[in-house]
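What the coordinates show
Below are the chains, spelled out letter by letter.
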Amino acid sequence: MPDLLQEMAQKLYQGDKETVAGMVQQALDQGMSPKEILSGGLVAGMDQVGRDFRADELFIPEVLVAAQAMHAGMNVLRPLLAETGVEMMGKYVIGTVKGDLHDIGKNLVKMMLEGAGFEVTDLGTDVAPETFVEAVREHKPHLVGMSALLTTTMPGMKETIEALEEAGGLRSTVKVIVGGAPVTAAFAEEIGADAYASDAASAVEVARHLLG
Ligand code: B1M
C-alpha cells in the first residue's frame, strides 16, 4: 500500500482531521482512485480504531475524534465516489427507538459504519415504528439498526419489527440489528431481530457478516 495511504490511516487514527482531508486531496492529485483512498486510507484507519476500541486500548473520546477525521476525509471523497459510481458497502438505516433520546452510542455506531463504507441514513432519536417503515420504503436499505438505552423503550424494537412485518413484507427485505446498553443477544432473538451488536466496532462486523 502506498506510504501516503498508510500515513493517512495513521493520521485518521490520531484524529488529525485537517491533515487527513489534505492527504485525501493530495492522494487524488497524485492520481489515486477514490476507491483506493477510501479502502486503503480511511477505512484502514477506522478499522484499526475499531479493533483497538474493542480491545480497550482506545476509548470513546478518541473514537469520536477519529470518526471526525474520517468525516473530514469523506467530505473530500464523497462527491467523487458518487461520480465514479463506487459501490458503498451497503445501505443502512439507523435510529434510536420511540421515547428514547439517547444518541451518543447510536452516533458512534453510525460513524463507525460510515467509516467502514456503509451509506447510513440516520433517523435520529425518538423514532416511531412507522417512521422506520417509511424510511425502509424510501431508502430501500439492506440493514436497519435500532438503538435503545432505556429498558422502557426496548419494546419499541419489537414494535418496529412487527410494523415492518405488517408493511407488505418489508421485513423480509432488510436485516434488523439491535443494540444499546440494556439490549442483549437473548432479547434480540426473542423479538425476532437478525442480530445483536454490543458496541460500535461489532456493529460494523455484524453488518459486514449479515451482508455476507
Ligand atoms: Co440517560 N439513562 N436518561 N441520559 N443516560 C441512562 C441510559 C441510565 C442507565 C442512567 C442510570 O440510571 N444509571 C438510565 C437508564 C436506566 C434503564 O432504563 N435501565 C437513564 C435514564 C433513566 C434516563 C432518563 C429517564 C432520566 C430522567 O429524565 N429521569 C432520561 C430519559 C430521556 C429519554 O431518553 N426519554 C435520560 C436522559 C439522558 C440525557 C438526555 C441527560 C443524556 C443523553 C444525551 C444524549 O444521548 N444525547 C443521558 C445520558 C448521557 C446517559 C448515560 C449517562 C450515558 C449514555 C451514553 O451515552 N453512554 C447513561 C448511563 C450509562 O450508560 N452509564 C444513561 C455512552 C455511549 C457511547 O454508550 O449508548 O451504551 P451506549 O452505546 C454503546 C453500546 O451500547 C452500543 O454501541 C455504543 C458504543 O459502544 N450501541 C449499539 C448503542 N446503540 C447501538 C446500536 C447498535 C449496536 C450497538 O446497532 C444498531
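Chains are numbered independently. Their residues run from 1 in the order of the written sequence. Residue-level local features of this predicted model are given only where pLDDT is at least 70; pairs of side-chain atoms are given and counted only at 80 or more, and the full residue set underlies all totals for whole chains, interfaces and linings. Working from all heavy atoms in the structure, the side-chain values ignore hydrogens and water.

**Some words on the overall build of the chain**
Counting its secondary structure elements, the chain contains 9 helices and 5 strands. Secondary structure counts use DSSP, requiring at least four H or I residues in a row for a helix and at least two E residues in a row for a strand, with both numbered from the N terminus. Each helix and strand of the chain, ordered N terminal to C terminal, gives the series α-α-α-α-β-α-β-α-β-α-β-α-β-α. Across its three principal axes, the chain shows a C-alpha extent of roughly 50 × 35 × 25 Å. Burial here depends on accessible area, computed with a 1.4 Å probe over protein chains only, as a share of the maximum for the residue type. Under 20% is buried, over 50% is exposed, and the range in between is partly exposed. In the chain, which comprises 212 residues, the share counted as buried stands at 49%. Contacts are assigned to residue pairs with any non-hydrogen atoms lying within 4.5 Å of each other. Within the chain, contacts between residues at least 6 apart in sequence are counted, and of these 71% link residues at least 24 apart. Only carbon and sulfur atoms are counted for the fraction: they give 51% of the accessible area of the chain, which is about 9,900 Å². One finds the centroid of the 16 positive side-chain charges in the chain at a distance of 4 Å from the centroid of its 31 negative side-chain charges. Values of accessible area rely on a 1.4 Å probe in the Shrake-Rupley scheme; residue burial ignores everything except the protein chains shown. Counted as positive: Lys and Arg. Counted as negative: Asp and Glu, with His and the chain ends omitted from the count. By convention, the point assigned to a charge is CZ for Arg, NZ for Lys, CD for Glu and CG for Asp.

**Examining the pairing of strand β1 (residues 91–96)**
Across the 6 residues that make up β1, a large majority, 5, are buried. A right-handed crossover is one whose linking path, passing over the helix from the first strand to the second, runs clockwise when the strands point away from the viewer. At this point the chain moves from β1, through helix α5 (residues 104–115), to the parallel strand β2 (residues 119–122), and the crossover so formed is right-handed. Any two strands between which DSSP finds at least two bridges are classified as paired. In this sheet, strand β3 (residues 143–147) lies alongside β1 in parallel orientation, the contact comprising 5 bridges. Bridging across to β3, G95 finds its partner in M146.

**Quick look at the layout of surface pockets**
Two kinds of site are reported from a 1 Å grid over the protein atoms alone, namely cavities, where a 1.4 Å probe fits but cannot get out, and pockets, open sets with protein on both sides within 12 Å along at least five of seven lines, and residues are called lining when an atom falls within 4 Å of a point. Grid points are joined across faces, edges and corners, and a volume is the space filled by probe spheres set on the points. By volume, the largest pocket is sized at about 430 Å³. Lining the largest pocket are 25 residues, with G105, K106, V109, G180 and S198 positioned closest to its centre. Only β1, α5, β3, β4 (175–179) and α9 (200–210) provide two or more residues apiece to the lining of the largest pocket. The element that contributes the greatest number of residues to the lining of the largest pocket is α5, accounting for 5 residues. Here the residues of the lining of the largest pocket are counted per class, giving 15 nonpolar, 7 polar and 3 charged. In this model, the second largest pocket occupies a volume close to 170 Å³. Taken together, 11 residues make up the lining of the second largest pocket; nearest its centre are M74, R78, M88, F118 and E119. Those elements that provide at least two residues to the lining of the second largest pocket are α4 (60–84) and β2. The dominant element in the lining of the second largest pocket, judged by the number of residues it contributes, is α4, at 6 residues. Just so you know the grouping, Ala, Val, Leu, Ile, Met, Phe, Trp, Tyr, Cys and Pro go in nonpolar, Asp, Glu, Lys and Arg go in charged, and all remaining residues, Gly too, go in polar. A per-class count over the lining of the second largest pocket returns 7 nonpolar, 1 polar and 3 charged. Where each domain starts and ends follows an automatic or database-derived domain assignment. Composition of the lining of the second largest pocket by domain shows at least three residues from each of domain 1 (2–83) and domain 2 (90–210).

**Comments concerning the domain arrangement of the chain**
If you check the domain split of the chain, you get domain 1 (2–83) and domain 2 (90–210). Using C-alpha coordinates to define each centre, domain 1 is positioned 25 Å away from domain 2. The interface is formed by 12 residues belonging to domain 1 together with 13 residues belonging to domain 2. Between Lys or Arg on one side and Asp or Glu on the other, a salt bridge is scored when a side-chain nitrogen of the former is within 4 Å of a carboxyl oxygen of the latter. For the interface between domain 1 and domain 2, the tally reads 2 salt bridges. For this analysis, a polar contact is any N or O atom pair within 3.5 Å, provided that within protein one partner can donate a hydrogen and the other can accept it, and provided that sequence-adjacent residues contribute only side-chain to side-chain pairs. Across the domain 1-domain 2 interface, the total number found is 3 residue pairs in polar contact (both at pLDDT 80 or more). Secondary structure elements with two or more residues in the side of domain 1 that touches domain 2: α3 (34–54) and α4. Residues that form the side of domain 1 that touches domain 2 fall into these classes: 8 nonpolar, 2 polar and 2 charged.

**What about the packing of helix α1 (residues 3–13) against helix α2 (residues 17–29)?**
To obtain an axis, a line is fitted to C-alpha atoms, over the contacting stretch when the element is a helix, and the angle between two such axes runs from 0 to 180 degrees between their N-to-C directions. Close contact between α1 and α2 brings their axes to 9 Å; oriented N to C, the two are set at 160 degrees. In this view, α1 runs roughly antiparallel relative to α2, as classed from their interaxial angle. Between α1 and α2 lies a crossing whose hand is left-handed. Contact residues: α1 offers L4, E7, M8, K11 and L12, while α2 offers T19, V20, M23, V24, Q26 and A27. For the contact of α1 with α2, the class distribution of residues is 7 nonpolar, 2 polar and 2 charged. What sets the label is the angle itself: under 35 degrees gives roughly parallel, over 145 gives roughly antiparallel, 65 to 115 gives roughly perpendicular, and the rest give oblique. A crossing counts as left-handed when the near helix is turned anticlockwise from the far one by less than a right angle, and as right-handed when that turn is clockwise.

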